[in-house]
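Here is how the chains run, residue by residue.
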Amino acid sequence: MGVAEYIAELFAFAIIVFFVVRYIVPPARKAMRAQQETIRGQIERAEQTEKRLAVAEAKYADALVEAREEAAKIRDNARADAQRIVEEMRAQADREVERIRLRGEEELANRRQHLMRELHAYLGQRSVQVANRLVEEHLADAGARSATVDRFLDELDAMSARDEAATSEPSLVASKGES
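All residue numbers refer to position in the chain's written sequence, counted from 1. With pLDDT at 70 or above as the cut-off, local features in this predicted model cover only qualifying residues; side-chain atom pairs require 80 or more to be listed or tallied, and sums for whole chains, interfaces and linings still use all residues. Water and hydrogen atoms play no part in the side-chain values, which are based on all heavy atoms of the structure.

Participant: So what's going on with the overall build of the protein chain? Residues and values would help.
Facilitator: Numbering goes from the N terminus for both helices and strands, where a helix is a DSSP run of H or I of at least four residues and a strand is a run of E of at least two. Looking only at helices and strands, the protein chain has four helices and zero strands in total. When its helices and strands are written in sequence order, the protein chain yields α-α-α-α. A compact globule built from 179 residues should have a C-alpha radius of gyration of about 16 Å, whereas the protein chain, at 36 Å, is more than 25% larger. Each of the three principal axes of the protein chain carries a C-alpha extent, and together these read 120 × 40 × 25 Å. Any pair of residues with heavy atoms lying within 4.5 Å of one another is described as a contacting pair. Excluding contacts between residues fewer than 6 apart, the proportion of contacts in the protein chain whose partners are at least 24 apart in sequence is 65%. Using a 1.4 Å probe, the Shrake-Rupley method yields the accessible areas, and only the shown protein chains count as cover for residues. As displayed, the protein chain offers around 14300 Å² of accessible surface, 59% of which is attributable to carbon and sulfur atoms. Side chains of the protein chain carry 28 positive and 33 negative charges; the gap between the two charge centres is 9 Å. This radius of gyration counts C-alpha atoms alone. The globule rule is 2.2 Å times how many residues there are, raised to the power 0.38. Neither His nor the chain termini are counted; the positive set is Lys and Arg, and the negative set is Asp and Glu. Every charge is mapped to an atom, namely NZ of Lys, CZ of Arg, CG of Asp or CD of Glu.

Below, the structure written as structure tokens:
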């Protein structure tokens, strides 16, 4: 009887593994690929933001060069005015670069958080759906349902017998086993 149970459990385990490999793994892989594509898109957008930052830095450099040229022209006429103009342009360019950098970092962080929330929600939903489907399929088979109920009852009987053996005297256990 022990070998037959072992073979039956092995067969049931093989069926479960087959269903998992056949019906759960491919959708999960597909979902993971979709999420990876989404993440790649987010990374590409982050790279574009970095490129815009580089453009802003180039504009800053251009603005700085223009300011220096203008300062050189004005220096002949008024050295004090040229210095003031250069300082104003540097401060403005620095603020603009910092603003663009901060906005890019915030956008990247927000998108990353949003993507993680979507991924967690999707995976949770898919897990519940797959588990529900497996339980429904298992309970749809009358033989499997009956075997599950029988196994549960056997386990309850075994637990009850252990509890009784632990709490009763050895002579009572012997007399129960004989009747």
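Participant: Which residues make up the environment of E50, and what are the values?
Facilitator: Position of E50 relative to the elements: it lies in helix α1 (residues 2-77). Each residue gets one of three labels from its accessible area relative to the maximum for its type: buried under 20%, exposed over 50%, partly exposed in between, using a 1.4 Å probe on protein chains only. With relative accessibility at 55%, the residue E50 sits in the exposed group. Each C-alpha atom of the pair E50 and A12 lies 54 Å from the other, and the pair is 38 residues apart in sequence.

Participant: Residues and numbers for the environment of S127, please.
Facilitator: Tracing the backbone through its elements, the reader meets S127 in helix α2 (residues 79-140). Look at S127 and you get partly exposed, because its relative accessible area is 47%. C-alpha separation for the pair S127 and I24, spaced 103 residues apart in sequence, amounts to 8.9 Å.

Participant: Account for α1, naming residues and giving values.
Facilitator: Taking 1.5 Å per residue, 76 residues should reach 112 Å; α1 reaches 106 Å between its end C-alpha atoms and fits that length. To get the bend at a residue, fit one axis to the 7 residues ending there and another to the 7 starting there, then take the angle between the axes. Maximal helix bending in α1 amounts to about 35°, located at I24; proline P26 follows within four positions. Taken together, the buried positions of α1 are A31, Q35, G41, Q42, A46, T49, L53, A56, L64, A67 and A71. Here the expected length of a helix is defined as 1.5 Å per residue gap, with one fewer gap than residues.

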